[in-house]
Amino acid sequence: MLVAIAGGVGAARMLAALSSVTDPAGITAVVNTGDDTVLHGLHVSPDLDTVVYTLAGQINPETGWGRVGETWGAMADLRAYGGDRLAWFNLGDHDLGTHMFRTSRLAEGATLSQVTAEIAARWGLRVTVLPMSDDRVETRVTVEEGGASVELGFQEYFVGRRHSVPVLAVTPRGVTAEPGRRAAAAAPGVLDAIGQADGVIICPSNPILSIGPVLATGGIGDAVARRRDATVAVSPIIAGRALKGPADTILADLGHEASVVGVARMWAPYAATLLVDTADAGRAGEVEAAGMRCVVAPTIMSGPQEAAGLGRTVLDALEAAGAGPRR
Ligand code: GDP
Ligand code: CA
């Protein structure tokens with residue numbers, strides 16, 4: 001069995017890639033829920049939905065989020081009533097069905113893990129999709145705005161500010177105990193899956209916004225660190241840039257190097273191997289100096305063939321570490 005530590009788009013592509021080269025029934029994804037938010041009373045889990053929709057072949061390929069063939073009737077009406085103040089976060093009609101289902105089942109007392117399994121079952125997914133936690137973890141982003149520091153909810157930062165403001169801090173609220181609230185626990189099955197996995201993959205997701213909150217939750221980081229030799233990370237940073245989104249600028253804002261070397265310094269405690277793109281071949285020595293074995297290969301999943309190629313590279317890297325899936 002393989003366990004993938006996952007955010008949204010980068011992870012969803014990695015999971016689809018792995019599913020195309022190894023039995024998806026042998027893959028468990030542990031997905032970030034720090035981006036979850038409540039909008040119009042509905043519980044929205046962006047990363048879980050991106051992973052499920054992608055594996056179901058339902059993702060909008062242009063945006064990388066939301067449903068293919070989506071319609072926007074509800075949003076148009078909301079905007080007509082209340083303008084952008086209420087309609088700042090786009091929720092498509094089909095997507096809304098997912099959020100309504102999740103919200104209803106949570107209100108009936110189901111856990112987020114149970115609801116996620118139900119959503120995955122509707123789409124016939126063979127990959128096991130687990131939220132990192134059934135407890136609320138809320139990634140807060142402190143930004144610099146108008147010369148002052150302002151703490152924002154994740155989506156206020158990411159969608160509301162189009163992730164274009166300097167970031168001063170990223171804090172996954174809920175991972176430590178607070179007065180009246182215990183620390184978030186890993187969701188059922190997460191720690192066992194990591195402990196028993198043949199291999200663990202840290203997906204090419206945003207290290208600070210997506211993977212960081214997962215590793216910070218309920219002992220998940222410690223569990224991965226104990227499997228360090230069997231863990232392969234794939235860099236989301238290629239030639240100093242994120243393919244999409246703010247991974248590069250946030251690394252720099254928070255004092256990390258926005259490069260595969262910066263990624264290696266972050267993941268060295270958790271993973272023995274870092275897979276970097278051929279564009280970064282020249283930095284392999286520095287990755288090794290940061291304490292990780294460096295594997296250089298094409299890592300851009302621009303189409304199914306490229307994705308399968310990366311999937312095979314990951315399996316090979318796991319096998320080289322004595323951690324491949326039993327074939
Ligand atoms: P989000 O939660 O949907 O914003 O997405 P993630 O955190 O999972 O992933 C965002 C990161 O995925 C970005 O930093 C991208 O550079 C990375 N990414 C997306 N597609 C690819 C790809 O094909 N290859 C690699 N190496 N990284 C990718
Ligand atoms: Ca996300």
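Structure's up top.
Within any chain, residue numbers begin from 1 and follow the written order of that chain's sequence. Just so you know, chain letters begin at A and ligand numbers begin at 1, following the order they were written in. Totals for whole chains, interfaces and linings use every residue, but because this is a predicted model, local features are given only for residues with pLDDT of at least 70 and side-chain atom pairs only at 80 or more, for both listing and counting. Each side-chain value is derived from all of the structure's non-hydrogen atoms; neither hydrogens nor water enter the calculation.

## Things to note about the coordination of the calcium ion (ligand 2)
Because no water is among the atoms considered, metal sites can look incomplete, with donors defined as N, O and S atoms within 2.8 Å of the metal, or 3.2 Å for Na, K and Ca. For the calcium ion (ligand 2), the full set of protein donor atoms is Asp35 (OD), Asp47 (OD) and Asp47 (OD), and the range of their distances to it is 2.1 to 2.7 Å. One end of the pair, Asp35, is in the loop between strand 2 (27–31) and strand 3 (37–39); the other, Asp47, is in helix 2 (residues 46–55), with 12 residues separating them in the sequence. Counting from the N terminus, the helices are DSSP H or I runs at least four residues long and the strands are E runs at least two residues long.

## Digging into the pattern of salt bridges
Salt bridge criterion: a side-chain nitrogen from Lys or Arg within 4 Å of a carboxyl oxygen from Asp or Glu. Applying the stated rule across the entire model yields 14 salt bridges. Taking the shortest distance from any N to any O, the salt bridge between Arg126 and Asp23 comes out at 3.2 Å. Of this pair, Arg126 sits in the loop between helix 5 (112–122) and strand 5 (128–131) while Asp23 sits in the loop between helix 1 (9–21) and strand 2, and the two are 103 residues apart along the sequence. Exposure remark for Asp23: the relative accessible area of 42% places this residue in the partly exposed category. Salt-bridge contacts for Glu108 lead to Arg105; the nearest nitrogen and oxygen are separated by 2.7 Å. Overlapping salt bridges, with partners in common, bring together Glu138, Arg140, Glu151 and Arg173 in one network. Burial classes follow relative accessibility: with a 1.4 Å probe on protein chains only, a residue under 20% of its type's maximum area counts as buried, one over 50% as exposed, and anything between as partly exposed.

## Focus: the nonpolar core
Buried Ala, Val, Leu, Ile, Met, Phe, Trp, Tyr and Cys residues that are joined via side-chain atoms within 4.5 Å together make up what is termed a nonpolar core. Ranked by internal contacts, the top residues of the largest apolar core, which has 51 residues, are Ile5, Tyr157, Ile194, Ile220, Trp267 and Met292. In terms of residues, this core owes the most to one element, helix 11 (residues 260–267), which gives six residues. Those residues in contact with Met292 that lie beyond four places of it in its chain are Ala233, Ala264, Trp267, Ala268, Ala271, Ala272, Thr273, Leu274 and Val287. Core analysis: the next-biggest nonpolar cluster, separate from the first, contains 43 residues, Leu18, Ala110, Val295 and Leu315 among them. Residues are treated as being in contact if the distance between any of their heavy atoms lies within 4.5 Å.

## Let's talk about helix 11
For helix 11, the tally of buried residues reaches seven of eight residues, placing the bulk of the element in the interior. For helix 11, the full list of buried residues reads Val260, Val261, Gly262, Val263, Ala264, Met266 and Trp267. We call two N or O atoms a polar contact when they sit within 3.5 Å, provided that within protein one can donate a hydrogen and the other can accept it, with sequence-adjacent residues counted only if both atoms are side-chain atoms. Two to three positions downstream of the cap, the backbone nitrogen of Val261 sits 3.0 Å from a side-chain oxygen, assigning the N-cap of helix 11 to Ser259.

## What about helix 2?
Among the 10 residues in helix 2, 10 count as buried, and that is most of the element. Here helix 2 has its buried residues at Pro46, Asp47, Leu48, Asp49, Thr50, Val51, Val52, Tyr53, Thr54 and Leu55. Trailing helix 2 by a residue or two, Gly57 shows a phi angle of about 70°, which is positive.

## Let's talk about the layout of surface pockets
Within this scheme a cavity is a closed region of a 1 Å grid, computed over the protein atoms alone, that accommodates a 1.4 Å probe without allowing it to escape, whereas a pocket is open but has protein on both sides within 12 Å along at least five of seven lines; lining residues each have an atom within 4 Å of a point. Grid points are joined across faces, edges and corners, and a volume is the space filled by probe spheres set on the points. Taken as a whole, the largest pocket encloses approximately 1300 Å³ of empty space. Contributing to the lining of the largest pocket are 49 residues, with Val9, Trp65, Phe158, His163 and Lys244 lying nearest its centre. The set of elements that each furnish at least two residues to the lining of the largest pocket consists of helix 1, helix 2, helix 4 (93–107), helix 6 (154–160) and helix 8 (207–215). Ranked by residue count, the leading element in the lining of the largest pocket is helix 6, at six residues. Of the residues belonging to the lining of the largest pocket, the class tally is 23 nonpolar, 16 polar and 10 charged. Forming the boundary of the second largest pocket are 17 residues, of which Arg13, Ala16, Thr54, Met301 and Ala307 lie nearest the centre. Looking at the lining of the second largest pocket, the elements with two or more residues in it are helix 1, helix 2 and helix 13 (304–320). A per-element tally of the lining of the second largest pocket places helix 1 first, with six residues. Residue composition of the lining of the second largest pocket, by class: nine nonpolar, seven polar and one charged. Classification convention: Asp, Glu, Lys, Arg as charged; Ala, Val, Leu, Ile, Met, Phe, Trp, Tyr, Cys, Pro as nonpolar; all other residues, Gly among them, as polar.

## With respect to the sheet that holds strand 9 (residues 199–202)
Between any two strands, pairing holds if DSSP finds at least two bridges. The seven strands lie next to each other as 5-2-1-9-10-13-14, forming an open sheet whose pairing is parallel. Looking at strand neighbours, the two that pair on one side only are strand 5 and strand 14 (293–296), the edges of this open sheet. Taken over all neighbouring pairs, the strand axes of this sheet differ in orientation by 20° on average, direction set aside. Simply put, an axis is a line fit to the C-alpha atoms, just over the touching stretch for a helix, and the angle between two N-to-C directions goes from 0 to 180 degrees. In the packing of helix 1 onto the sheet, contacts are made with strand 1 (2–6), strand 2, strand 9 and strand 10 (231–234), and the angle to strand 2 comes to roughly 175°.

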